[in-house]
Amino acid sequence: AIQSGTVAFIHKLKEREFANIDDILLRIRGVDLTVDYLEEHGFDLPILVETKDDLGLRVPPPNFKISDIERCVGPMREFDVIDVSRQDDIKMRMREWTEYYEVVRPRKKVLNVISLEFSDTELSKYVTPPKIVREIDWIEVYWPEELPPDCLYSKPQVQKYCLMGVKDSYTDFHVDFGGTSVWYHVLRGEKVFYFIKPTSLNLMKYEQWVSSATQSETFFGDLVDDCYTCSIRPGNTLFIPTGWIHAVLTPEDSLVFGGNFLQRYNISQQLQVYELELRLDTPLKFLHPSYECLTWYAAQGLLYELQGYTKELPPPLNLLNGLAYLVVVLSSWVKSRQTSKDKVPETLDPVVIIQQLTKALAVAVMKFRSSISGDKLQFEINKNVVVLTGSKSLQLTSNKRRHGVLEKKRSKGLFNKVKSV
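The structure reproduced in this document is the subject of the present report.

Conventions and cut-offs
- Residues numbered from 1 in each chain as written.
- Predicted model: local features only at pLDDT ≥ 70, side-chain atom pairs only at ≥ 80, totals over all residues.
- Heavy atoms only, no water.
- Salt bridge = Lys/Arg side-chain N within 4 Å of Asp/Glu carboxyl O.
- Helix = DSSP H or I, 4+ residues; strand = E, 2+ residues; numbered from the N terminus.
- Buried < 20%, exposed > 50% of the residue type's maximum accessible area, 1.4 Å probe, protein only.
- Expected span 1.5 Å × (residues − 1).
- Contact = heavy atoms within 4.5 Å.
- Pairing = 2+ DSSP bridges.
- Disulfide = S-S within 2.5 Å.
- Phe/Tyr/Trp six-rings, centres within 6.5 Å; stacked < 30°, edge-to-face > 60°.
- Lys NZ or Arg CZ within 6 Å of the ring centre and 35° of its normal.

On to the pattern of salt bridges, then. Under the counting rule described, the total for this entry stands at 18 salt bridges. We note a salt bridge from Lys 91 to Asp 80, for which the minimum N-O separation is 2.9 Å. Here Lys 91 is found in strand β4 (residues 88-93), whereas its partner Asp 80 is found in strand β3 (residues 78-83), with 11 residues between them in sequence. Residue classification places Asp 80 among the buried residues on the basis of a relative accessible area of 14%. We note a salt bridge from Glu 305 to Arg 264, for which the minimum N-O separation is 2.9 Å. Pair noted here: Glu 305 is in helix α9 (residues 291-307) and Arg 264 is in the loop between β11 (245-261) and α8 (267-279), with a separation of 41 residues, a long-range link. Its relative accessible area of 15% is what places Arg 264 among the buried residues.

In structure tokens form, the structure reads like this:
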């Protein structure tokens, strides 16, 4: 069998045929990628913006060298490097990487850097994430400017990555940690993405594949119905939503800047990816740092926002769906982990947050109901799913294993039913 990342594998990969990327890729202008756009259309498909004009994105000039990166992050900075043919990590210092990338010819190994986070270095001042990311990123929106003294957690550093890959680098199929979304700007070179939709079936197959003893010999794209390919070239910026399974090939030496972020449009999917990571016993270094703390801070912020909606301006469906799932997951965290100090912010009372969020969710559903035309609304709890249906439908996800359908006149309240979520 051919091992992923080997010369034979890369050669065969380049000859494969894939599904039409236009079926799943949105191509829009930077000026149109706004919060209003996401509120209306959601963030469920990859988005490609061909130029960085009007994105509010700042990156170094195209002639920025690897030696310039070394100057900014320091020659002794150590980070993980992927040995592509072995699909395994090794440690290198920045000065060693610069020599390998810019000097060594021929290269005896194909190496790839995808995890150099530089928020705490001089390089950070050269890079500003796209405006839309800064407006929805949970770290930007909800993480406090100051933390309590002697707290056991710190601000997650996942917002600015430098990716440096040489020709024929390959990163096998994966889902970004914690269900984070990604912004990805190619400064130089080219990247080829292989995308697989994050359906329940595909994620189940992905979990089985990751756990398989033959993972490195099996091209995951062969296990699903459709795998799509897309080339990202200099000046392009790609936005990848939560949960999309993807692999990446580097056809030529490349330099990329990007970042990861949690957001409000895919809350339930984010949490489901985190749950998947825990089931797989993912090593700590591959998990989103301070993930649960950030989720608690976001829960508090989203609670305040939810309380601000009105009958005239009801909350979006995907937000209600995500918050319902969030309530269930937060409750499970409290029960199973005794709210350890390194996972729950000291300034928050988790029980109170859950109670208030549950109540606010119920009130918000009532407000939404008043905007639905029709005489009846159906309320169902079946196979872990709570569903409200009318002329529009709202799915509230729960982990309570109850069955039954309750039909109520619109004039009657659903507070007690939703409260049990």
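So, on to α8. Between its first and last C-alpha atoms α8 spans 19 Å; for 13 residues at 1.5 Å apiece the expected length is 18 Å, and the two agree. For α8, the full list of buried residues reads Ile 267, Ser 268, Gln 270, Leu 271, Val 273, Tyr 274, Leu 276 and Glu 277. In this fold, the buried residues of α8 make contact with α6 (138-142), α7 (200-211), α9 and α10 (317-337).

Let us now look at α9. The terminal C-alpha atoms of α9 lie 24 Å apart, and with 17 residues this matches the ideal 24 Å at 1.5 Å per residue to within 8%. Most of α9 is tucked away, with 13 of its 17 residues classed as buried.

To continue, consider the pairing of strand β7 (residues 169-174). By the criterion of burial, β7 is predominantly enclosed, with five of the six residues buried. In this sheet, β11 lies alongside β7 in antiparallel orientation, the contact comprising four bridges. Paired with His 174 across the two strands is His 246, which belongs to β11.

On to the state of the cysteines. Tallying each qualifying case throughout the model produces zero disulfides. Of all cysteine sulfurs, the one in Cys 151 lies closest to Cys 293, which takes part in no disulfide; the gap is 7.8 Å. On the accessibility criterion, Cys 293 (1% relative accessible area) is buried.

This part takes up the packing of aromatic side chains. With the rule as written, the count across this model stands at 23 aromatic pairs. Seen in terms of ring centroids, Phe 64 and Tyr 126 are 5.3 Å apart; in terms of plane orientation they differ by 50 degrees. Their pairing is tilted. Of this pair, Phe 64 sits in the loop between β2 (47-49) and α3 (66-73) while Tyr 126 sits in the loop between β5 (111-117) and α5 (131-136), and the two are 62 residues apart along the sequence. The buried category is assigned to Phe 64, whose relative accessible area is 5%. What makes Tyr 126 partly exposed here is its relative accessible area of 22%. Ring geometry for Phe 118 against Phe 257: centres 5.9 Å apart, planes inclined by 80 degrees, an arrangement best described as edge-to-face. Placement of Phe 118 in the loop between β5 and α5 and of Phe 257 in strand β11 is noted, with a sequence separation of 139 residues between them. In terms of burial, Phe 118 and Phe 257 fall into one category: buried. Connected via pairs of aromatic rings, a cluster forms that spans Phe 9, Phe 18, Tyr 170, Phe 173, Tyr 194, Tyr 206, Trp 209, Phe 219 and Phe 220. Taking NZ or CZ as reference, Arg 16 lies 4.2 Å from the ring centre of Phe 219, over its face.

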